[in-house]
Every structure is written in C-alpha cells, then in structure tokens.
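Structural characterization, general
Each chain, written out:
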Amino acid sequence: MIKTFTQHDLVQYIYNELPKKQREALEEALMVDQDLAESCADLLLTQLSLEEALIQPSERVTDAIISYSKNVSLHP
C-alpha cells in the first residue's frame with residue numbers, strides 16, 4: 001500500500017513530531033518521490049527563514065521600555 005503524505009505530515013516531520021513508524025515511512029517515501037522531497041526541502045527552507053526572522057529588539061528600545069516602566073507608577 002502506498003501512503004500519501006500531506007503537507008501537515010511534512011511539517012510534523014521537520015519539527016520532529018512524527019511517531020517513529022510514520023517518520024520511517026516518510027523517509028522512505030522521500031527517497032523515491034522527488035515531488036515530496038522538493039516539498040520537504042521547501043518547508044525546511046521556510047523553517048530556516050522563519051528562525052532567521054526572529055529578531056531581538058535593539059538595546060535602545062529595550063532601555064526605553066525599562067526606563068518607561070520605572071517611571072510609571074503602578075499605584076495611584
């Protein structure tokens with residue numbers, strides 16, 4: 001029986017959330033199905049892009065927030 005994998009399966013795969021048996025079946029399918037492998041590669045590139053997009057605020061912004069919070073009275 002040929003298992004059809006969905007994009008949801010691929011997302012679970014790249015985030016290491018597939019059960020072992022399903023992971024092994026998907027890895028076998030990736031070896032023989034070029035379209036599936038390309039879809040997986042695209043998702044991996046997207047994942048990397050998302051991780052790179054997670055940026056930290058500048059020190060200036062952080063300092064401004066801390067300064068503001070120190071100057072705001074919590075009690076009337």
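Below is a short write-up of the structure. In this text, all values refer to a predicted model and were calculated from it rather than measured experimentally. (Residues numbered from 1 in each chain as written. Predicted model: local features only at pLDDT ≥ 70, side-chain atom pairs only at ≥ 80, totals over all residues. Heavy atoms only, no water.)

**Concerning the overall build of the chain**
For the chain, the helix and strand inventory stands at 4 helices and 0 strands. Taken from the N to the C terminus, the helices and strands of the chain come in the order α-α-α-α. Taken over the C-alpha trace, the chain has a radius of gyration of 22 Å; the compact-globule value for 76 residues is 11 Å, which it surpasses by more than 25%. Overall, the C-alpha framework of the chain stretches about 70 × 25 × 15 Å when taken along its three principal axes. Residue burial in the chain is summarised as follows: out of 76 residues, 18% are buried. Pairs at least 24 residues apart make up 41% of the contacts formed inside the chain by residues separated by at least 6 positions. Approximately 6,700 Å² of the chain is accessible, and the part contributed by carbon and sulfur atoms is 58%. Counting 6 positive and 13 negative side-chain charges, the chain places the centres of these two groups 9 Å from one another. (Helix = DSSP H or I, 4+ residues; strand = E, 2+ residues; numbered from the N terminus. Rg over C-alpha atoms; globule rule 2.2 N^0.38 Å. Buried < 20%, exposed > 50% of the residue type's maximum accessible area, 1.4 Å probe, protein only. Contact = heavy atoms within 4.5 Å. Areas by Shrake-Rupley, 256 points an atom, 1.4 Å probe, with all protein chains shown as cover. Lys, Arg positive; Asp, Glu negative; His and termini not counted. Charge placed at Lys NZ, Arg CZ, Asp CG, Glu CD.)

**Some details on the side chain of Gln47**
Tracing the backbone through its elements, the reader meets Gln47 in helix α3 (residues 34-53). On the accessibility criterion, Gln47 (11% relative accessible area) is buried. The contacts of Gln47, once residues within four sequence positions are left out, are Ile14 and Tyr15.

**Some details on the pattern of salt bridges**
Throughout the structure, instances matching the rule amount to 2 salt bridges. Here Lys20 ties to Glu24 by a salt bridge, and the two come within 4.0 Å at their closest N and O atoms. Here Glu24 and Lys20 lie together in helix α2 (residues 20-32), a separation of 4 residues that amounts to about one turn. (Salt bridge = Lys/Arg side-chain N within 4 Å of Asp/Glu carboxyl O.)

**Some details on the nonpolar core**
Counting 11 residues, the largest nonpolar core consists of Phe5, Leu10, Tyr13, Ile14, Leu18, Leu26, Ala29, Leu30, Leu36, Cys40 and Leu43. Going through the elements one at a time, α1 (7-14), α2 and α3 are the ones with two or more residues in this core. (Core = buried A, V, L, I, M, F, W, Y, C linked by side-chain atoms within 4.5 Å.)

**Quick notes on unusual backbone geometry**
With phi around 60°, Asn16 is a residue other than glycine that occupies positive phi space. Here Asn16 shows up in the loop between α1 and α2. Judged by relative accessible area, Asn16 falls into the exposed class, the value being 59%.

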